[in-house]
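# Coordinate analysis (summary)
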Amino acid sequence: MVVSHFLKWISTARVSERAAAASALARAYVNSTLPFEDRCAAEAALTLLLDDNSAKVRQALAEALSMSHHAPIQIIAALASDQPEVANPVLARSPLLTDADLIDRVATGQKAAQQMIADRPSVSMPVAAAIAEIGEAEACLMLLANTGADIASLSFRRLAERFGHEASVREALIADARLPGDCRHMLLVKVGEALRSSPLVLALMGAARAERVTRDACVKASLTLVDGTKAGEHAALVEHLRLRGDLTTGFLIRTIAHGKVDFFGTALLVLTRQSEQRIRVLLTSGTDVALQALFRSAGLADATHAVILRALKIWREVANGKRVAGVQEVSWLMLKELGGQRAEGDLATLVKSIHLEALRENARGHALAIAAA
């Protein structure tokens, strides 16, 4: 009887009155225990309100039903497909929307809908993947800021590929502790590309020097990146570097000179396809002959074997507590293996640069320690 009077009344009521009545009826439906017949009548009335000409009435309906587990699913589905101010509360909160429903809304490409979905209290991995794949930059930023979002490694890669050139998204990605190491390297390269093409940098340095400086900076930053990458992600980072053409002999020599033996071992694992156990045994206690065969299998030129062996032996002694050494000493002994400061050639130039960088870094650290004392 009440619903019957309600349906007759709404045809002449003002918008504000209809909106208030819609909210009251919806709250009564989800919060009260109604007899079956009254519940069916109320559901019919709520469904009829979906055709109201005023978005304010439909918005009131959406607000009242958005968090209910017992709202009529056909009404929730209709509200989720309505104009943004009506759909947003439902997209942001409704527990009745399935992953498929949310992915469909993401696929419509409406920025507001994508942002609401990205900011839901809980975002499943499939929905996060859809946002990462086709979402606007603003929605992707909200997804990264959402601690309740379950983001897969593949989705992080797509975000880095799509928006690595945009500073806001790049910063959010780098700040995320879940970001895989290969994605961090991808963003690192994008920063280098942005700097290299900057008009200011080009004016100050010229194209050739800007290219060289940014390339060297990326290599050094890549070494630092290895330290912040979990051991379980080393293989993915190595594969990423290999596919980009950055897993060069020079880079591998830098890693062993800096004592990154675990990462060096993972690189050998990827390059040789030998068992992890065999490579671990060879690096910890293998003979020179066995190690040289391993290096050769990885594509490392014979000329590099001696300096790599020298570095590896020193780091073994450090690991076993038989020696105290750092990059400065290791790189100096590697250089001595090539003939010292007078040595010539590309390999000697590389090892000299590693040694000089270590000298500068140690001197800088010493100076800062003195200043802080």
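Reference entry: report on the structure contained in this document. (Residues numbered from 1 in each chain as written. Predicted model: local features only at pLDDT ≥ 70, side-chain atom pairs only at ≥ 80, totals over all residues. Heavy atoms only, no water.)

## Some words on the layout of surface pockets
Size it by volume and the second largest pocket reaches roughly 480 Å³. Along the wall of the second largest pocket there are 19 residues; nearest its centre are Val 261, Asp 262, Gly 265, Arg 280 and Leu 283. Contributing elements (two or more residues each) for the lining of the second largest pocket: α16 (234-244), α18 (261-272), α19 (276-285) and α21 (302-319). (1 Å grid on protein atoms, 1.4 Å probe; cavity = no way out; pocket = protein on both sides within 12 Å on 5 of 7 lines; lining within 4 Å. Points joined across faces, edges and corners; volume = space filled by probe spheres on them. Helix = DSSP H or I, 4+ residues; strand = E, 2+ residues; numbered from the N terminus.)

## A closer look at the nonpolar core
Counting residues in each nonpolar core, the largest one holds 60 residues, and the members touching the most others are Leu 61, Leu 65, Leu 79, Ile 131 and Leu 173. Once you skip the residues sitting within four places of it in the chain, Ile 131 turns out to touch Val 106, Ile 117, Ala 118, Ala 139, Cys 140, Leu 143 and Arg 162. Grouped together as the second largest cluster of nonpolar side chains are 41 residues, Leu 223, Ala 257, Val 330 and Met 334 included. (Core = buried A, V, L, I, M, F, W, Y, C linked by side-chain atoms within 4.5 Å. Buried < 20%, exposed > 50% of the residue type's maximum accessible area, 1.4 Å probe, protein only. Contact = heavy atoms within 4.5 Å.)

## A closer look at the environment of Ala 44
Structurally, the position occupied by Ala 44 is in helix α3 (residues 36-49). Residue Ala 44 is classed as partly exposed on the basis of its relative accessible area of 46%.

## What to know about the packing of helix α7 (residues 99-107) against helix α9 (residues 125-134)
Axis separation between α7 and α9 bottoms out at 9 Å; the angle between their running directions is 10°. As judged from the angle between their axes, α7 and α9 are roughly parallel. Touching Asp 99, Leu 102, Ile 103, Val 106 and Ala 107 of α7 are Pro 126, Val 127, Ala 130, Ile 131 and Ile 134, all from α9. Of the residues that constitute the contact of α7 with α9, the class distribution is nine nonpolar, no polar and one charged. (Axes fitted to C-alpha atoms, helices over the stretch in contact; angles between N-to-C directions. Parallel < 35°, antiparallel > 145°, perpendicular 65-115°, else oblique. Nonpolar A, V, L, I, M, F, W, Y, C, P; charged D, E, K, R; others polar.)

## Some points on the packing of helix α10 (residues 137-145) against helix α11 (residues 153-163)
Contact pair α10 / α11: the axes reach a minimum separation of 12 Å and the direction vectors enclose 140°. Here α10 lies oblique to α11, going by the angle between them. Considering how the two elements wind past one another, α10 and α11 form a crossing that is left-handed. Note on element contacts: α11 touches α10 through Phe 156, Leu 159, Arg 162 and Phe 163, opposite Ala 137, Cys 140 and Leu 144. For the contact of α10 with α11, a count of residues per class yields six nonpolar, no polar and one charged. (Left-handed = near helix turned anticlockwise from the far one by under 90°.)

## Quick word on the packing of aromatic side chains
This model, assessed by the stated rule, comprises two aromatic pairs. Look at Phe 251 and Phe 263: their rings are 6.3 Å apart centre to centre, the planes differ by 85°, and that puts the pair in the edge-to-face class. Residue Phe 251 is located in helix α17 (residues 249-257), and its partner Phe 263 is located in helix α18; the two are separated by 12 residues in the primary sequence. Like Phe 251, the residue Phe 263 is buried in the burial classification. Each ring, one from Phe 264 and one from Phe 295, has its centre 6.1 Å from the other, and the planes form 70°; the classification is edge-to-face. With a gap of 31 residues between them, Phe 264 in helix α18 and Phe 295 in helix α20 (residues 288-297) connect regions that are remote in the sequence. With respect to class, Phe 264 is no different from Phe 295; both count as buried. The ring of Tyr 29 has Arg 39 sitting right over it, with the charged end atom 4.0 Å from the ring centre. (Phe/Tyr/Trp six-rings, centres within 6.5 Å; stacked < 30°, edge-to-face > 60°. Lys NZ or Arg CZ within 6 Å of the ring centre and 35° of its normal.)

Worth remembering: the numbers are spatial, not functional.
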